[in-house]
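Per-entry structural report
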Amino acid sequence: MKNYQKASLVLLMLSLLAGCSGKNSDSASTTPPDDGFQKELQTRLITAKSGDIITIPAGFHPINRGLSLNVSGVTIKGEGMDKSVLSFKGQVQGAEGLLVNASDFSISDLAIEDTRGDALKINEGSNIVIQRVRTEWTGGPKEENGAYGIYPVQTQNVLLEDCVAIGASDAGIYVGQSLNVIVRNNRAEFNVAGIEIENTIGADVYGNIATNNTGGILVFNMPDLPQEGHSARVFDNKVFANNTENFGAAGTPVSSVPAGSGIVINANDRVEIFANDIKDNNTANLIISSYYSTGFDSSIEVAENYDPYPETIFVYDNNFSGGGSAPDGLDLKALKVAMFGIGGSLPDILWDGYVNPANLDKDGLLRPEFAICVDNGSAQVLNADLANGSDNITVDGAQFHCTHKKLPPIVLPNLGG
Amino acid sequence: MWLRKVPLLLLLLLSGCGQQSAPVRVFAADSFPEHLSDWNLLRSDGRQLRLGSDVIPYDLNTPLFTDYALKLRAVYLPAGKPVTYREGQALDFPVGTVISKTFYYAVQDSSRVLKDAAAVSVDARRSLSLSDYRLLETRLLIRYDTGWRALPYVWNDAQTDASLEIAGALSQLEMADLDGSLQVFNYIIPDANQCAGCHAPNHSDKELSPIGPRVDQLNKFYNYDDGVDNQLSHWLKLGKLDRVPADLSLLPRRADWSDAAVSLERRARAYLDANCAHCHNPKGAADTSGLHLNIDARMDRNFGICKPPVAAGRGSGDRPYDIFPGRPDSSILLFRMQHSDPAIAMPELGRSLNHAEGAALIEEWIANMSGSC
């Protein structure tokens, strides 16, 4: 009897203690209604240790909040870009699908679909390998689609290969403010910009297919950013029929890209365009332009140390065909008809004609080290002379005949060369 | 004989549930407890939330907007190790510090949360009546010798305890406005990585740190259980603050964004710093945009004045510049504050609703700016 009383007393004490510390918590009302997969995946990303390999099994995995990884040295691997699908169709939070703030990161063999904002963003990090990843907005090209598909920014030593990017309302593959980058053997389709290299120093872009975008491959420099870019080689790509109407959000830099642009160099220096197959881009196969042609009509001068001009450009050995037959925009349409007739076409290369007055020789031409050089058979350049209100539009090939010293290939130390 | 001791024992145990709470426990970084109650920072019996006896509640001049949630901030400081004064960033808290921020709403009919409730301090008994309020989450920042760690705890339905949810949580709430209109929204509790999305103001070293408790933010009065006092003076008197300049009246003070007596510019800059600068500073995650909104930034192009968008996507809203002086309707900054679509909304984390009053401040400020683009 005594023992019984003692036991019940202990029980009573225990329950009082429990009442104090509130251990009797039941399931929280605020536990997510999410599929267990999402919670498990995010937990694995949060608790990951360097060296971990996080696998995404085959299957269609709905995710409704942004995922993120902050630990370096992690690999995320699926079973194939058409098998392991992270679908963000019902996403309620997160400006990205997967945000990576880490180095020594590899991701491969999976798809990220229908994010509200960017699909895969990697913000600051070194030694980044992205292979066989598909980012796609599955409803086709629409303004409501997220901005960027695959988006490394402020990264260095980046390999981005064998990926597929479809439907981005800005750029399918967008490498920003980075250093030492290889973008190869990817396919970009139905984006506003297929592949965009922006404010990046040292990029090799080759073996890619860019088609059905508004603009195929863009090499841009924007002002007011921590890093200005230069030195890109764009070669051995197939850039054809990038004639999708511009569906970029009005006001964005890419919304000024005319539909039918093959390759566009804007305000960037030391760019080599060679051995590409560039055809049937209805505005022009290649556009070379300054920041002044991007539609920003600020009366305020561009930032002091920003170079708005495309300089030291070298175009050679490309295979141009078709293109220029139906330019986008009233001005270009009128220009085409006036100069080349209803059935005619603009030349392969379109240049806005802005030059830095400080870099001209006594004849008013760009000094050789800054020149736009075209050594590309019969390809001609239309100088739209926009700087002078198009007073003196010219079409010429010979004037642009020159060469620059070729850029060295990009070497990625993380891949042993 | 033995039985006669029982009532006394019971009383002792019961008194453990009264005013005196157990001392705060600081757990090792590899053994975080499942339950918030284990820290002894806050206790709840489902009717009253009480602050632990050794934590100090505090408030900020201009806080981050979080879907109209009210916030109870409190700090536990280890004995004998005062906070070191410094300006321009959070105070230098000693190892062993635990900062807690509890998010709650005033409630109506037990389920509906109220939009326009004024934030309340804990009352004289350092407690909050849960018949009037609903607790959602408590976030902890703990200072270890290796740096800060961030943990999200989610309160249960019974409001008796919160459990650790490193993957965060989502809760659909119905919010009632003053006029009775109702709105359903997703209240999102960030996951542990997203804590770092704000609490790593230097995105290169990615070190976590507190953001709010800076001198200029803490330099205000608080209604303590023993009377009203300036928060910094209070900490000083408690011996919790070290190396403070002698003349307290000269310490920097952040404007209260809602104080109409203060200039528009000071209020706007206080608001932008609290809501944007954890990413939008020269070393922050959003330095990729070249837009810096920290309170000590120069008001030039990188502050958004006549700055065109870079990678804003749909966030640019067909507007030419981040800030177009005199023309709020042409300013991207305001557009992003007035939208809740995750592809557009700024800040990216911490809100599903628009902060109409904050946007109104920024609108008025831009409208009254001189100059043009």
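Residues numbered from 1 in each chain as written. Chains lettered and ligands numbered in written order. Predicted model: local features only at pLDDT ≥ 70, side-chain atom pairs only at ≥ 80, totals over all residues. Heavy atoms only, no water.

**Focus: the overall build of chain B**
Condition: Strands here mean DSSP runs of E at least two residues long; helices mean DSSP runs of H or I at least four residues long; both are numbered from the N terminus. For this measure, only C-alpha atoms enter the radius of gyration; the expected value for a globule follows 2.2 Å times N^0.38, where N is the number of residues. Between buried and exposed lies partly exposed: a residue is buried under 20% and exposed over 50% of the maximum accessible area for its type, with that area taken using a 1.4 Å probe on protein chains only. When checking whether two residues touch, look at their non-hydrogen atoms; a contact exists if any pair is within 4.5 Å. Only the protein chains shown count as cover for residues, with accessible areas throughout obtained via the Shrake-Rupley method and a probe of 1.4 Å. A residue counts as positive if it is Lys or Arg and as negative if it is Asp or Glu; His and the chain ends are not included. For this purpose, a charge sits on NZ of Lys, CZ of Arg, CG of Asp or CD of Glu.
Along chain B, the regular secondary structure elements total seven helices and 16 strands. For a compact globule of 373 residues, the expected C-alpha radius of gyration is about 21 Å, and chain B comes in at 22 Å, within 12% of that figure. Judged by the C-alpha coordinates and their principal axes, chain B covers about 90 × 50 × 40 Å. Taken over 373 residues, chain B has a buried fraction of 60%. Long-range contacts, defined as pairs at least 24 residues apart, comprise 59% of the intrachain contacts of chain B with a sequence gap of at least 6. Of the roughly 15,100 Å² of accessible surface on chain B, a fraction of 51% belongs to carbon and sulfur atoms. The average position of the 39 basic charges and that of the 45 acidic charges among the side chains of chain B differ by 3 Å.

**Overview of the confidence of the model for chain B**
Which entries qualify depends on this criterion: What pLDDT conveys is the predictor's confidence in a given residue, as a value from 0 to 100.
Residues with a pLDDT of 70 or more make up 92% of chain B, whose mean pLDDT is 90. Counting interchain partners and residues more than four positions distant, the pLDDT-below-50 stretch residues 1-18 of chain B has 17 contacts.

**Description of the pairing of strand E18 (residues 230-235) of chain A**
Residues and elements named next belong to chain A. In plain terms, the rule: Two strands are said to pair when DSSP picks up at least two bridges between them.
Burial of E18 is extensive: five of the six residues sit out of reach of the surface. Summarising the sheet, strand E15 (residues 201-206) and E18 pair through five bridges and their orientation is parallel. If you follow Ile201 over to E18, its bridge partner there is His230. Both E18 and strand E21 (residues 269-274) contribute to a ladder of four bridges, which runs parallel.

**Some details on helix H2 (residues 36-46) of chain A**
Definition in use: Think of the arc as the fan of directions from the helix axis to the C-beta atoms.
Burial in H2(A) covers these residues: A:Phe37, A:Gln38, A:Leu41, A:Gln42, A:Leu45 and A:Ile46. Viewed end-on, H2(A) has its buried residues packed into an arc of 165°, placing them on one side of the element.

**Focus: the pattern of salt bridges**
How we decide: The salt bridge criterion pairs a side-chain nitrogen of Lys or Arg with a carboxyl oxygen of Asp or Glu, the two atoms within 4 Å.
Counted according to the given criterion, the structure contains 27 salt bridges over all chains. Put simply, A:Glu369 and A:Arg367 hold a salt bridge, and the shortest N to O gap is 3.5 Å. Given a relative accessible area of 44%, A:Glu369 falls into the partly exposed group. A salt bridge links B:Arg314 to B:Asp341; the nearest nitrogen and oxygen atoms lie 3.2 Å apart. Of this pair, B:Arg314 sits in the loop between helix H5 (264-276) and helix H6 (332-337) while B:Asp341 sits in the loop between H6 and helix H7 (356-367), and the two are 27 residues apart along the sequence. With respect to class, B:Arg314 is no different from B:Asp341; both count as buried. The network of salt bridges with common partners includes A:Asp82, A:Glu113, A:Arg134 and A:Glu136.

**As for unusual backbone geometry**
Note on backbone geometry: most residues besides glycine have negative phi, and most peptide bonds are trans. In this structure, B:Pro347 follows B:Met346 across a cis peptide bond, with omega equal to -5°. Secondary-structure assignment places B:Pro347 in the loop between H6 and H7. Non-glycine residue A:Arg132 carries a positive phi angle of around 50°. Turning to its location among the elements, A:Arg132 is positioned in strand E8 (residues 118-136). Although it is not a glycine, A:Ala275 adopts a positive phi angle of roughly 55°. Tracing the backbone shows A:Ala275 in the loop between E21 and strand E22 (277-279).

**Details of the packing of H5(B) against H7(B)**
Residues and elements named next belong to chain B. Threshold: Interaxial angle, 0 to 180 degrees, is taken between N-to-C directions of lines fitted to C-alpha atoms, where a helix line uses only the stretch in contact. Here is the rule for angles: anything less than 35 degrees is roughly parallel, anything more than 145 is roughly antiparallel, 65 through 115 is roughly perpendicular, and the remaining ranges are oblique. Handedness of a crossing is defined here by the sense of rotation of the near helix relative to the far one, left-handed for an anticlockwise turn of less than a right angle and right-handed for a clockwise turn.
For the pair H5 and H7, the least separation of the axes is 9 Å and the interaxial angle reads 135°. Overall, the two elements H5 and H7 adopt an arrangement that is oblique. Viewed along their axes, H5 and H7 form a crossing whose handedness is left-handed. Contacts between H5 and H7 pair Leu264, Glu265, Arg267, Ala268, Tyr271 and Leu272 from the former with Gly358, Leu361, Ile362, Glu364 and Trp365 from the latter.

**Thoughts on the domain arrangement of chain B**
All names here are of chain B. The condition is simple: Domain start and stop points were drawn from an automatic or database domain assignment. For this analysis, a polar contact is any N or O atom pair within 3.5 Å, provided that within protein one partner can donate a hydrogen and the other can accept it, and provided that sequence-adjacent residues contribute only side-chain to side-chain pairs. Under the scheme applied here, ten amino acids are nonpolar (Ala, Val, Leu, Ile, Met, Phe, Trp, Tyr, Cys and Pro), four are charged (Asp, Glu, Lys and Arg), and all others, including Gly, are polar.
When the domains of chain B are assigned, the result is domain 1 (20-237) and domain 2 (259-367). Spacing between the C-alpha centres of domain 1 and domain 2 amounts to 26 Å. At the interface, 23 residues of domain 1 touch 20 residues of domain 2. The interface formed by domain 1 and domain 2 contains eight residue pairs in polar contact (both at pLDDT 80 or more). Among the elements of the structure, strand E13 (182-189) and helix H2 (192-199) are those that each provide at least two residues to the side of domain 1 that touches domain 2. Tallying contributions element by element places E13 first for the side of domain 1 that touches domain 2, with four residues. Tallied by class, the residues present in the side of domain 1 that touches domain 2 amount to 11 nonpolar, 10 polar and two charged.

**A few points about the environment of B:Leu272**
Residues and elements named next belong to chain B. For Leu272, the location among the structural elements is in helix H5. Counting along the chain gives 22 residues from Leu272 to Asn294, while the straight-line C-alpha distance between them is 7.3 Å. If near-sequence neighbours (up to four positions away) are discounted, Leu272 is found in contact with Ala277, Leu293, Phe303, Leu333, Ile362 and Trp365.

**Details of the sheet that holds strand E8 (residues 127-129) of chain B**
All names here are of chain B. What the three strands build is an open sheet, ordered E1-E2-E8; its pairing is antiparallel. Each edge of the open sheet is held by one strand with a lone partner, namely strand E1 (42-44) and E8. Neighbour-to-neighbour, the strand axes of this sheet turn through a mean angle of 15°, independent of strand direction. With three bridges connecting them, E1 and strand E2 (residues 48-51) associate as antiparallel partners.

**Looking at the state of the cysteines**
All names here are of chain B. Filter applied, for reference: Two cysteine sulfurs form a disulfide in these notes if their separation is within 2.5 Å.
Enumeration over the complete set of coordinates arrives at two disulfides over all chains. Covalent S-S linkage joins Cys306 and Cys373, the inter-sulfur distance amounting to 2.0 Å. With the S-S bond torsion at -90°, the cross-link from Cys306 to Cys373 turns out left-handed. Of the two residues, Cys306 sits in the loop between H5 and H6 while Cys373 sits in the segment after H7, which places them 67 residues apart along the sequence. For Cys306, a relative accessible area of 0% translates into the label buried. You can see Cys198 has no disulfide; the closest cysteine sulfur is in Cys279, sitting 5.6 Å from it.

**Notes on the packing of aromatic side chains**
Put simply, the rule is: Whether two aromatic rings pair depends on their centres lying within 6.5 Å, for rings of Phe, Tyr and Trp, where Trp uses its six-membered ring; planes under 30 degrees apart make the pair stacked, over 60 edge-to-face, and the rest tilted.
For the coordinates displayed, the defined rule picks out 25 aromatic pairs over all chains. Taking 4.8 Å as the distance between ring centres and 15° as the angle between the ring planes, the aromatic pair formed by A:Tyr206 and A:Phe235 counts as stacked. Taken together, the residues span a long stretch of sequence, with A:Tyr206 in strand E15 and A:Phe235 in strand E18 at a distance of 29 residues. Per residue, the accessibility class of A:Tyr206 equals that of A:Phe235, and both read buried. A ring pair is formed by B:Phe32 and B:Tyr144, whose centres lie 6.3 Å apart and whose planes are at 55°; its orientation type is tilted. Linking B:Phe32 in the loop between helix H1 (6-15) and E1 with B:Tyr144 in strand E9 (residues 133-144), this pair joins segments that are 112 residues apart in sequence. Grouping aromatic residues by their ring pairs yields a cluster made of A:Tyr206, A:Phe235, A:Phe274, A:Phe314 and A:Tyr316.

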